[in-house]
Amino acid sequence: MATLRPILIHPDPRLRKTAAPIRGVDDSVRQLADDMLATMYDAPGIGLAATQLGVMKQIFVMDCAGKDEEPDPMVFLNPEITWASDNWVVSEEGCLSIPDIFEDVSRPDRVRLRWMDLEGHVREEEFSDRPATCVQHELDHLRGKLFIDYLSPIRRTMITSKMKKLKREKARA
């Protein structure tokens, strides 16, 4: 049974740490994936990295299906981009660790990702459009990087101040 886990809010130092590779798939990894998917859907979001839960392991989940489509949950262990297109696209991004903030970020419009699935098989697939943006965003989390790092220093400082205020308000509540 999946357990909802608390999502870290920026600025939390754990969000800036690099995740360690997963050595093999066992029940604890499968349980983490189930918990991550349940937490992501509950938030609601389209992607979630383990580091956002304070778990420093290279795993993220995503589901980029539209509102009227069947859910399409995916779990990625030890993901790495093996190719990125030369064409870039600007997309509005948000983050469950930076709630209610949405900003335009420029990234490659297509990427090829290699990862291990929950059966321990190595897979490789090309992603485009929203899934490509999501894959890159979540992979950044595993490297200690946030989408606000792509913004100007002034905008980043403003957002960080808002998040500090939000954390103080939540602590008082």
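So, a few notes on the structure that sits alongside this text.

1. Some thoughts on the pattern of salt bridges
No. 1: In this structure the tally under the stated criterion is 12 salt bridges.
No. 2: Note that D140 is salt-bridged to R107, the shortest N-O span being 3.0 Å. Pair noted here: D140 is in helix α2 (residues 129-142) and R107 is in strand β5 (residues 98-108), with a separation of 33 residues, a long-range link.
No. 3: Judged by its relative accessible area of 8%, D140 falls in the buried class.
No. 4: The residue E126 makes a salt bridge to R110 at a minimum N-O spacing of 3.0 Å.

2. Points about unusual backbone geometry
No. 1: For the peptide bond that leads from H10 to P11, omega is 0°, which places it in the cis range.
No. 2: Structurally, P11 is set in the segment before α1 (27-42).
No. 3: Residue P44 follows A43 across a cis peptide bond; omega there is -15°.
No. 4: Within the fold, P44 resides in the loop between α1 and β1 (47-49).
No. 5: One non-glycine residue with positive phi stands out, namely N78, at about 50°.
No. 6: By the secondary structure assignment, N78 is in strand β3 (residues 74-84).
No. 7: One non-glycine residue with positive phi stands out, namely D100, at about 65°.
No. 8: Looking at the secondary structure, you find D100 in strand β5.

Parameters and conventions
Once a new chain begins, its residue numbering starts again from 1 and follows that chain's sequence as written. It should be noted that, the model being predicted, local features are given only for residues of pLDDT at least 70 and side-chain atom pairs only at 80 or more, the latter also being counted only at that level, while totals for whole chains, interfaces and linings use all residues. Calculated side-chain values reflect all of the structure's heavy atoms, with hydrogen atoms and water omitted. For salt bridges, the criterion is a side-chain nitrogen of Lys or Arg within 4 Å of an Asp or Glu carboxyl oxygen. Helix and strand assignments follow DSSP, with helices taken as H or I runs no shorter than four residues and strands as E runs no shorter than two, numbered in order from the N terminus. Remark: exposure states derive from per-residue accessible area (1.4 Å probe, protein chains only) relative to the maximum for the residue type, with buried under 20%, exposed over 50%, and partly exposed in between.

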